[in-house]
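Results of the structural survey
The residues making up each chain are set out below.
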2 protein chains.
Amino acid sequence: MNSRQGDDMKEIRRGRETGTLGKLMALVDLVALADRPMRFTDILSLSDQPRGTLHRQLSHLVEEGLLETDRDGCYLPGIRLLSLASRSWARNEFRTVAEPHLRLLQAQTGETVHLGVLRGTEVIYLDKVEGRQSVRMYSQIGNASPAYCTGVGKAALSALDDISFEARVAGLEFHAYTEHTHRSVAGLRADIEDIRRRGCAFDREEHESGICCVAAPIHSDDNEMLAGVSVTGPAYRVTSEKLQEWAPLVRAAAAAIMQDMQSRLGPRR
Amino acid sequence: MNSRQGDDMKEIRRGRETGTLGKLMALVDLVALADRPMRFTDILSLSDQPRGTLHRQLSHLVEEGLLETDRDGCYLPGIRLLSLASRSWARNEFRTVAEPHLRLLQAQTGETVHLGVLRGTEVIYLDKVEGRQSVRMYSQIGNASPAYCTGVGKAALSALDDISFEARVAGLEFHAYTEHTHRSVAGLRADIEDIRRRGCAFDREEHESGICCVAAPIHSDDNEMLAGVSVTGPAYRVTSEKLQEWAPLVRAAAAAIMQDMQSRLGPRR
DNA sequence: CTTCTTGTTCCATTATTTGGAACTCAATTT
DNA sequence: AAATTGAGTTCCAAATAATGGAACAAGAAG
């Protein structure tokens, strides 16, 4: 109708398209998040672009190595992504500072230790330290999971004050991964309040059946960075008593990481 | 002069800029390859863009999560890279097919096993299986190293015919990582000829002092995909005799991976 | 053989990027 | 205190790149 409405729309849209790059990255996401190689036509139907346009966009992405094509002409995520990520991971300051503490915590508990950062309402796992049973290292690194049903995610959320918390979870959709998953903001809110009091979060099979964890929040003083550290294991080994027993250790690890971050960041500038 | 020359130039240029995306990815590279957080002005001096332009480009990259800024305003690789890479890695067909063979080879030799693919004249490591001593898993995954001084790289190159080999290494610059590193195409060429005859490549401290390896080539029948698998270890443990002893095992692993790839790709289509 | 489906190329139109200059805001020097 | 420098940000006419419709290939299905 009028131009004001148009402007409002623009501002409301979360991922406001960053010109050309935004459209291209949306395609990369589309291909990377799909769980099978995508044909040209598959992508065409999911992205509403004209054929000619889409074709050129994909060509550019392939040329830059962000996507690849297999011999059937299907599109896959490109290897250049791995290459770029490996460097960013190896030199990530937060991760390198936290690493020794993760190892200590792993040694103390014998179970798998995770480090994750909050990104909107998702947790992205930055590191993982496993014990002997080397099932598959790394598999979790880089993974994104919902904050509301993971220990690390809930711990990170608990560092927010009420107003920031509500702003962040507004409009969040709850997916019932298990019968214990929170189904509404109300349930999550109550849990978060407990977590604030307790200083650590429990995940009792909320994200995956048979998997429990205890996590503690890590955050910068201005809450610009929200993260968490957790100890995870199978429910038959990780009983409620174990979770209680490990809670102080996890809190201590989180505290140590926060302190190291401060002393690392302070003097630098 | 004439248009032919122009066309030739275009074809010769490796990273021909893909319009907007090419320029932006060049910036991502610049930031990701630097070994310290980059200030706006640092980037300004390295990329020859006007200030205004560069500023908008970086803003877009940050908005899309490919880059991030720390509290000092320095630019770092973004966490979204990790997230995208993790998905591409987890579902990489070649890697998943190869994985069991890498594990077997690791068990047979007790040393670290690598899987890498050739990209131009660089090897990118796709997977790594280590034994007990869990120094730092993953660290190598995604890493790019020159083909001419790594076992995997030389093995992959050996699958090329003479013409393709010369075309690929034309203009290659040799950096002397150790005293054993090849310094010229001539030396590399001779080595490659031996590798072709032998069916496997040796790296005797050519890339890193004190590190030796034996590698075998993996390639699709049309040589569109060139890769290699290797067993690596410290020189004091990995003697020449060991390398000879492991050579058949490595060749067998490579052969098995090739066969699995074929039977996987064949029926699919 | 004809008709779909899938993928590729072309080019005038349209929208985005460009780059120079002007501006802000500290920190440093005079 | 005023002036100068350095670092980063914003603006807008001009240059450039992206767009999208249509036409063109090339198989596969009917």
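Residues numbered from 1 in each chain as written. Chains lettered and ligands numbered in written order. Predicted model: local features only at pLDDT ≥ 70, side-chain atom pairs only at ≥ 80, totals over all residues. Heavy atoms only, no water.

Identification of chain A as DNA-binding IclR family transcriptional regulator from Rhizobium paranaense is taken from an unreviewed UniProt entry.

A word on the protein's contact with DNA strand D
Residues in contact with DNA strand D amount to 17 residues; listed here are only the nearest, T53(A), R56(A), T41(B), R51(B) and H55(B). Within 4 Å of the protein, the contacting atoms of DNA strand D are 70% sugar and phosphate, with bases supplying the remainder. Within the contact set of DNA strand D, a phosphate oxygen lies 2.7 Å away from a side-chain nitrogen or oxygen of R56(A). One of the side-chain N or O atoms of Q57(A) is found 3.3 Å from a phosphate oxygen in DNA strand D. Looking at the surface near DNA strand D, the elements that each hand over two or more residues are helix 2 (19–33) and helix 4 (51–63) of chain A together with helix 3 (40–46) and helix 4 (51–63) of chain B. Ranked by the residues each element gives to the surface near DNA strand D, the list is headed by helix 4 of chain A, at six residues. In terms of residue class, the surface near DNA strand D is made up of two nonpolar, ten polar and five charged. (Near = heavy atom within 4 Å. Polar contact = N/O pair within 3.5 Å; in protein donor to acceptor, adjacent residues only side chain to side chain. Helix = DSSP H or I, 4+ residues; strand = E, 2+ residues; numbered from the N terminus. Nonpolar A, V, L, I, M, F, W, Y, C, P; charged D, E, K, R; others polar.)

Here we look at the relation of the copies chain B and chain A
In the superposition of chain B on chain A (RMSD 0.1 Å, axial shift 0.0 Å), the rotation amounts to 180°. Put plainly, the chains are arranged around a two-fold axis. (Least-squares fit on C-alpha atoms with pLDDT ≥ 70 in both.)

Side note on the sheet that holds strand 5 (residues 144–146) of chain A
Pairing is antiparallel across the open sheet formed by six strands, whose spatial order is 5-4-3-8-7-6 (chain A). The open sheet is flanked by strand 5 and strand 6 (201–204) of chain A, the only strands paired with a single partner. Strand-to-strand twist of the sheet, defined as the mean angle between neighbouring strand axes without regard to direction, takes the value 30°. Judged from the nine bridges that link them, strand 7 (residues 211–219) of chain A and strand 8 (residues 226–234) of chain A form a sheet pairing that is antiparallel. The partner of A216(A) across the bridge, within strand 8 of chain A, is V229(A). On the sheet, helix 5 (residues 79–90) of chain B packs against strand 3 (112–119), strand 4 (122–129) and strand 5 of chain A and is oriented at approximately 75° with respect to strand 4 of chain A. (Pairing = 2+ DSSP bridges. Axes fitted to C-alpha atoms, helices over the stretch in contact; angles between N-to-C directions. Contact = heavy atoms within 4.5 Å.)

Topic: the interface of chain B and chain A
Taken residue by residue, the interface counts 61 residues in chain B and 61 residues in chain A. The contact between chain B and chain A buries some 5,600 Å² in all, and 59% of this surface belongs to carbon and sulfur atoms. Viewed at the interface, chain A and chain B are joined by four salt bridges. Close ionic contact of D29(B) with R80(A) constitutes a salt bridge, the shortest N to O distance being 2.7 Å. (Buried area = accessible area lost by both parts, 1.4 Å probe. Salt bridge = Lys/Arg side-chain N within 4 Å of Asp/Glu carboxyl O.)

Comments concerning the environment of Q108(B)
Mapped onto the secondary structure, Q108(B) falls in helix 6 (residues 93–109). Judged by relative accessible area, Q108(B) falls into the partly exposed class, the value being 40%. (Buried < 20%, exposed > 50% of the residue type's maximum accessible area, 1.4 Å probe, protein only.)

Some thoughts on the sheet that holds strand 4 (residues 122–129) of chain B
All names here are of chain B. Spatial ordering of the open sheet is given by 5-4-3-8-7-6, a layout of six strands whose pairing is antiparallel. The sheet is open, and its two borders are formed by strand 5 (144–146) and strand 6 (201–204), each paired with just one other strand. Averaged over all neighbouring strand pairs, the angle between strand axes comes to 30°, with direction disregarded.

A look at the protein's contact with DNA strand C
Around DNA strand C, the structure places 18 residues, and the nearest of them are T41(A), R51(A), H55(A), T53(B) and R56(B). In DNA strand C, atoms within 4 Å of the protein come 70% from sugar and phosphate. The backbone of T20(A) places a nitrogen or oxygen atom 3.1 Å from a phosphate oxygen of DNA strand C. The contact in question runs from a phosphate oxygen of DNA strand C to an N or O atom on the side chain of H55(A), over 2.9 Å.

Topic: the packing of helix 2 of chain A against helix 4 of chain A
All names here are of chain A. With their axes 10 Å apart at the nearest point, helix 2 and helix 4 run at an angle of 75° to one another. Classified by the angle between their axes, helix 2 and helix 4 sit roughly perpendicular to one another. On the side of helix 2, the interface is formed by K23, L24, L27 and V28, while helix 4 contributes L54, Q57, L58 and L61. Residue composition of the contact of helix 2 with helix 4, by class: six nonpolar, one polar and one charged. (Parallel < 35°, antiparallel > 145°, perpendicular 65-115°, else oblique.)

Examining the packing of aromatic side chains
Following the criterion strictly, the structure yields two aromatic pairs over all chains and no others. Ring geometry for Y148(A) against F174(A): centres 4.7 Å apart, planes inclined by 50°, an arrangement best described as tilted. You can see Y148(A) sitting in the loop between strand 5 and helix 7 (151–157) and its partner F174(A) sitting in the loop between helix 8 (162–169) and helix 9 (185–198), a full 26 residues away along the chain. Since its relative accessible area comes to 3%, Y148(A) is described here as buried. Between the NZ or CZ atom of R204(A) and the centre of the ring of F202(A), over which it lies, the distance is 4.8 Å. The ring centre of W89(B) lies 3.8 Å from the NZ or CZ of R95(B), which sits over that ring. (Phe/Tyr/Trp six-rings, centres within 6.5 Å; stacked < 30°, edge-to-face > 60°. Lys NZ or Arg CZ within 6 Å of the ring centre and 35° of its normal.)

Observations concerning helix 8 of chain A
The backbone nitrogen of I163(A) has a side-chain oxygen 3.1 Å away, supplied by the residue at the start of helix 8 of chain A, namely D161(A). The first or second residue beyond helix 8 of chain A is G171(A), which carries a positive phi of 80°.

Some remarks on helix 5 of chain B
Residue and element names in this part refer to chain B. Taking 1.5 Å as the rise per residue, helix 5 with twelve residues should run 16 Å; its terminal C-alpha atoms sit 17 Å apart, in good agreement. Most of helix 5 is tucked away, with ten of its twelve residues classed as buried. Taken residue by residue, helix 5 has I79, R80, L81, L82, S83, L84, A85, S86, S88 and W89 as its buried positions. (Expected span 1.5 Å × (residues − 1).)

Thoughts on the state of the cysteines
Scanning the entire structure with this criterion turns up zero disulfides over all chains. For the unlinked cysteine C200(A), the closest cysteine sulfur is that of C213(A), found at 10.0 Å. (Disulfide = S-S within 2.5 Å.)

Description of the side chain of H114(B)
Residues and elements named next belong to chain B. As for its placement among the helices and strands, H114 is situated in strand 3 (residues 112–119). Classification of H114 as buried rests on a relative accessible area of 7%. For H114, the residues in contact, after removing those within four places along its chain, are Y125, D127, K128, Q140, G228, V229, S230 and T232.

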